[in-house]
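Fold and geometry: a report
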Amino acid sequence: LRFRQKRRTRAFNNQLGDTIMLLSNALKAGYSFSQALSTVSKSAGPPMGIEFARATREIALGIPVDDALNHMVERNQSEDFDLLVTAVQIQRVVGGNLAEILDTIAHTIRERVRIQGEIRTLTAQARFSGWIITLLPVGLAGILALISPDYFRPMLVQTGGKIMLAVGGMSMAIGVAIIQKIVKIEV
């Protein structure tokens, strides 16, 4: 479930720059903000189109635009989208050219997504190595248990073997946590 949530959030963030440009272009064409949201809901693919369609339905049911946008932020947990919503809310209070603000935010978010993709590419080898190093002892133990059960049995039966397996498992868990911490770079 967590994997699917991360994948959906990543897809949402990857679509965000283009969606903001679509929103900006709709505003430049003379649409109201609510009409621009509706246009995005029809034009954008999932998951972005689904979220904007839901916000459009909320607005049609009488929920204020700011509340509908805040509901989207709560559902998606995207820092970039939170930046967009904050900028829209400030602009609605202060005034100004929202399309120009959205263009600037879209450029910033696109650059951020590009940099995150580069970081992900550069850390792929370290992440893959971490999984191999983690799964190698488990796989080797499984092969030894199948090939020569008498050779591996003391690890499962004797107290010293159980202690060694526990220490090894704990060491592997610590190693995985350290590797994940090293390859997770925030942008």
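Relevant structure appears above.
Scope of this entry: the structure provided in the associated data block. (Residues numbered from 1 in each chain as written. Predicted model: local features only at pLDDT ≥ 70, side-chain atom pairs only at ≥ 80, totals over all residues. Heavy atoms only, no water.)

1. Thoughts on the packing of aromatic side chains
Basically, it comes down to this: Any two of the Phe, Tyr and Trp rings considered here, Trp counted by its six-membered ring, make a pair once their centres fall within 6.5 Å; the pair's planes then place it as stacked at under 30 degrees, edge-to-face at over 60, or tilted in between. Going along the chain from the N terminus, every DSSP run of H or I of four or more residues is numbered as a helix, and every run of E of two or more is numbered as a strand. Any residue under 20% of the maximum accessible area for its type is buried, any over 50% is exposed, and the rest in between are partly exposed; the area is computed with a 1.4 Å probe on protein chains only.
All told, the structure shown has two aromatic pairs when counted by the stated rule. Summarising the aromatic geometry, the rings of Phe-12 and Phe-81 are spaced 5.5 Å apart at their centres and angled 80° between planes, so their arrangement reads as edge-to-face. One end of the pair, Phe-12, is in helix H1 (residues 2-28); the other, Phe-81, is in helix H5 (residues 79-94), and 69 residues separate them in sequence. One exposure class covers both Phe-12 and Phe-81, and it is buried. Both rings, one in Phe-52 and one in Phe-81, keep their centres 6.2 Å apart while their planes meet at 85°; by these two values the pair is edge-to-face. Separated by 29 residues along the polypeptide, Phe-52 in helix H3 (residues 48-60) and Phe-81 in helix H5 bring together distant segments of the chain. Judged by its relative accessible area of 1%, Phe-81 is buried.

2. Things to note about the nonpolar core
Our working definition: Nine residue types can take part in a nonpolar core, namely buried Ala, Val, Leu, Ile, Met, Phe, Trp, Tyr and Cys, and a core is a set of them joined through side-chain atoms within 4.5 Å.
Grouped together as the largest cluster of nonpolar side chains are 32 residues, with contacts concentrated most on Ile-20, Phe-33, Phe-81 and Leu-102. Of all the secondary-structure elements, those providing two or more residues to this core are H1, helix H2 (33-43), H3, helix H4 (65-76), H5 and helix H6 (98-122). When residues of this core are assigned to their parent elements, the largest contribution, seven residues, is made by H6.

3. Examining a positive patch on the surface
The criterion, for reference: Here the term patch refers to residues with relative accessible area over 30% and no salt bridge, with like charges joined within 9 Å and nonpolar side chains (Val, Leu, Ile, Met, Phe, Trp, Tyr) within 5 Å. In this description, accessible areas are obtained by the Shrake-Rupley approach with a 1.4 Å probe, and a residue is regarded as covered only by the protein chains that are shown. Just to be clear on terms, a salt bridge is a Lys or Arg side-chain nitrogen sitting within 4 Å of an Asp or Glu carboxyl oxygen. For the purpose of counting charges, residues Lys and Arg are taken to be positive, whereas Asp and Glu are taken to be negative. His and the chain ends are not included. For this purpose, a charge sits on NZ of Lys, CZ of Arg, CG of Asp or CD of Glu.
A contiguous patch of positive charge, built from Arg-2, Arg-4, Lys-6, Arg-7, Arg-10, Arg-120, Lys-181 and Lys-184, is present on the exposed surface. Among the elements that make up the positive patch, the one with the highest residue count is H1 (five residues). The class for Arg-10 is partly exposed, based on a relative accessible area of 36%.

4. Overview of the pattern of salt bridges
As enumerated under the stated definition, the model contains eleven salt bridges in all. The residue Glu-58 makes a salt bridge to Arg-75 at a minimum N-O spacing of 3.4 Å. Of this pair, Glu-58 sits in helix H3 while Arg-75 sits in helix H4, and the two are 17 residues apart along the sequence. Between Asp-150 and Arg-153 there is a salt bridge, and its shortest N-O distance comes to 3.2 Å.

5. Observations regarding the side chain of Ser-41
Under the convention used in this document: The term polar contact refers here to a pair of N or O atoms within 3.5 Å; inside protein, the definition further demands a hydrogen-donor-capable atom paired with an acceptor-capable atom, and it admits residues adjacent in sequence only when both atoms are side-chain atoms. Any two residues having at least one pair of non-hydrogen atoms within 4.5 Å are treated as being in contact.
One can find Ser-41 in helix H2. Note on Ser-41: relative accessible area 15%, which makes it buried. Only 2.6 Å separates the side chain of Ser-41 from the backbone oxygen of Ser-38, close enough to count as a polar contact. Every residue in contact with Ser-41, bar those within four places of it in the chain, is listed here: Gly-49, Phe-52, Ala-53 and Thr-56.

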